[in-house]
Amino acid sequence: MSIWFSTFPRTQPPKDFISKVVDIFELYSDKIGTSQLKEGLKSNEVLAELRADLVKLGFEAEAGGKAKGKIKRPVFFGENAQPTLQYEVDGWHPEWKAGIEIEAGRALMGNAIYRDLIQALVMVKMDHLILAVPKVYRYKSGISRDYDKTVSVAEALYGHSRIVMPFSLCVIGY
């Protein structure tokens, strides 16, 4: 299997739908896999490869970079129950209450994983987060093992006694 994944909390089995999402990543691993590609794709290019199959699975998925194609999840509601603050996700599955974020080059070095985790903490009805990151990210002066480092952050968050995370997490390494 060229796609790796880890689920959190470690004391709970993965949700049934996780294998379906991982299977989609595996199906496209030749096109998106960072271990074998000389240069990794941008996150929107990875999403473009997976989008049709994610939609078939029931996800609303971002369609392009324009505001109209963005998927927004509420954080706060104001007058007439209108959202006053919303954050964007790459995909949302309303039945599973699952968001998906696909990161690429800035996953770790640009702190995108931290932003994704914090925003998921405050999104309304976010019960599950699927966070996809490169297994490796190549840059001019070296290699970053983004998947391993993201899993390490997740282990600290989900394993520490000071924090109770309100959603399950699946980290996918592509």
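See the structure above.
Below, the structure is looked at part by part. Position numbers for residues count from 1 along each chain, tracking the sequence in the order it is written. Restriction of local features to residues with pLDDT of at least 70 applies here, the model being predicted, together with a cutoff of 80 or more for giving and counting side-chain atom pairs; totals for whole chains, interfaces and linings are based on all residues. Side-chain measures were taken over the full set of non-hydrogen atoms in the model, leaving aside hydrogen atoms and water.

**Some details on the overall build of the chain**
Stage number 1. Scanning the chain from terminus to terminus reveals five helices and 10 strands.
Stage number 2. When we talk radius of gyration, it's over C-alpha atoms, and the globule rule is simply 2.2 Å times the number of residues to the 0.38. Here the C-alpha atoms of the chain give a radius of gyration of 16 Å, agreeing with the 16 Å that 2.2 N^0.38 yields for 174 residues.
Stage number 3. By its C-alpha atoms, the chain is 50 × 40 × 35 Å across when sized along the principal axes.
Stage number 4. Among the 174 residues that make up the chain, the fraction classed as buried is 44%. Numbered from the N terminus, helices here are DSSP runs of H or I no shorter than four residues, and strands are runs of E no shorter than two. Any residue under 20% of the maximum accessible area for its type is buried, any over 50% is exposed, and the rest in between are partly exposed; the area is computed with a 1.4 Å probe on protein chains only.

**Observations regarding the nonpolar core**
The tendency in soluble globular proteins is for nonpolar side chains to be buried as a group.
Stage number 1. In these notes, a set of buried Ala, Val, Leu, Ile, Met, Phe, Trp, Tyr and Cys residues joined through side-chain atoms within 4.5 Å is what counts as a nonpolar core. Ranked by internal contacts, the top residues of the largest apolar core, which has 24 residues, are Phe-25, Leu-50, Ile-102, Ile-130, Ile-172 and Tyr-174.
Stage number 2. Of all the elements in the fold, those that place two or more residues in this core are α1 (16–27), α3 (43–56), β6 (98–102), β7 (128–133) and β10 (168–173).
Stage number 3. A per-element tally of this core places α1 first, with six residues.
Stage number 4. Residues count as neighbours in contact if any of their non-hydrogen atoms are within 4.5 Å of one another. Ignoring any residue separated from it by four or fewer positions in sequence, one finds Ile-172 in contact with Ile-3, Trp-4, Phe-5, Val-21, Val-22, Phe-25, Ile-130, Leu-131, Ala-132, Val-133 and Tyr-147.

**Focus: α1**
Stage number 1. Those residues of α1 lying buried are Phe-17, Ile-18, Val-21, Val-22, Ile-24 and Phe-25. Buried positions in α1, seen along its axis, are confined to an arc of 150 degrees and lie on one side of it. Structural note: α1 exposes Asp-16 and Leu-27 on the side pointing more than 90 degrees away from its buried face.
Stage number 2. The elements touched by buried residues of α1 are β1 (4–8), α2 (29–32), α3, β6, β7 and β10. What the arc measures is the spread of directions leading from the helix axis to the C-beta atoms.

**With respect to the side chain of Ser-6**
Stage number 1. Within the element layout of this structure, Ser-6 appears in strand β1.
Stage number 2. Ser-6 sits in the buried class, given a relative accessible area of 11%.
Stage number 3. Residue contacts for Ser-6: discarding those within four places in its chain leaves Tyr-147, Val-151, Leu-169, Cys-170 and Val-171.

**Thoughts on the packing of aromatic side chains**
Stage number 1. Only centres within 6.5 Å qualify two rings of Phe, Tyr or Trp (six-membered ring in Trp) as a pair; their planes then separate them into stacked at under 30 degrees, edge-to-face at over 60, and tilted for everything else. In this structure the tally under the stated criterion is six aromatic pairs.
Stage number 2. On the numbers, 4.4 Å between centres and 10 degrees between planes, the contact of Phe-17 with Trp-96 is stacked. Of this pair, Phe-17 sits in helix α1 while Trp-96 is found in the loop between β5 (91–93) and β6, placing the two residues 79 residues apart along the sequence. By the burial criterion, Phe-17 is buried, and Trp-96 matches it.
Stage number 3. Pairwise contacts between aromatic rings join Phe-8, Tyr-158 and Phe-167 into one cluster.
Stage number 4. For a lysine, the NZ atom is tested; for an arginine, the CZ atom; a charge sits over a ring if that atom is within 6 Å of the ring centre and within 35 degrees of the ring normal. The cationic tip of Arg-73 hangs over the ring face of Trp-92; the distance from NZ or CZ to the ring centre is 3.8 Å.
Stage number 5. Above the ring of Trp-4, the side-chain terminus of Lys-135 is found at 4.3 Å from the ring centroid.

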